[in-house]
Amino acid sequence: MEELPLELRILKSFHGHLGPYVVLGYKMGRMAREKFPEKIYANVYTGNKPPLSCLVDGIQMSSSCTLGKGNITVNKGSFAMANFMDEVGNKMVVELKKEMREKVDREMAKEGEEERSLELFLMDNSQLFDVTQTAVNRPTQTLTGRR
Ligand SMILES: [Zn+2]
């Protein structure tokens, strides 16, 4: 297989392996950090059971929301979803699309996981996630076309 991009090698070294959920979390967190480059808070609803909870490590890696700083909270649940907020309450909800979740769970296996993770990494965010943004004092709008 082709060599992994540097950021995925770093992610792998942090997380211990490179599975689909840590990569998906990484992409979610990166998108949120672009939206909220200053203060940012995250709420994740994966619970703490891998492989789904691997999402949390990916989010920590790219969003600057970390357990050590206390600006990420891992809630009970089994959703491939995170809410991100800035300090005034602007909000961005990112959820893995239902069909992608089914595909990822169906194909979950140690064998070939790096190849599948790399494929997900290279996919467009609009193919992977449903994104809902809520600005303070503004009506909700759904942006599915955003990368
Ligand atoms: Zn993992």
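Predicted, not measured: the structure shown is a model, and the values here were computed from it. (Residues numbered from 1 in each chain as written. Predicted model: local features only at pLDDT ≥ 70, side-chain atom pairs only at ≥ 80, totals over all residues. Heavy atoms only, no water.)

(A) Focus on the nonpolar core. Grouped together as the largest cluster of nonpolar side chains are 37 residues, with contacts concentrated most on Tyr21, Leu24, Phe84 and Phe129. With eight residues, helix α2 (residues 20-35) is the single largest residue contributor to this core. (Core = buried A, V, L, I, M, F, W, Y, C linked by side-chain atoms within 4.5 Å. Buried < 20%, exposed > 50% of the residue type's maximum accessible area, 1.4 Å probe, protein only. Helix = DSSP H or I, 4+ residues; strand = E, 2+ residues; numbered from the N terminus.)

(B) Summary view of the environment of valine 56. Relative to the helices and strands, valine 56 is located in helix α3 (residues 54-63). Between the alpha carbons of valine 56 and glutamine 127 there is a distance of 20 Å; along the sequence they are 71 residues apart.

(C) Structural context of the packing of aromatic side chains. Within this structure, the stated rule accounts for one aromatic pair. The interplanar angle of 40 degrees and the centroid separation of 6.5 Å between the aromatic rings of tyrosine 26 and phenylalanine 121 together place this pair among those described as tilted. In this pair, tyrosine 26 is assigned in helix α2 and phenylalanine 121 in helix α5 (residues 113-122), connecting sequence segments 95 residues apart. An identical accessibility class is assigned to tyrosine 26 and phenylalanine 121; each is buried. (Phe/Tyr/Trp six-rings, centres within 6.5 Å; stacked < 30°, edge-to-face > 60°.)

(D) Spotlight on the pairing of strand β3 (residues 81-85). Burial analysis of β3 places four of its five residues in the buried class, which makes it a mostly covered element. Sheet topology note: the strand β1 (residues 41-44)/β3 ladder contains four bridges and is antiparallel. The partner of valine 44 across the bridge, within β3, is alanine 82. Summarising the sheet, β3 and strand β4 (residues 91-96) pair through five bridges and their orientation is antiparallel. Bridge pairing links methionine 85 to lysine 91 in β4. Connecting the antiparallel pair β3 and β4 is a turn made up of five residues, with glycine 89 showing a positive phi of about 105 degrees. (Pairing = 2+ DSSP bridges.)

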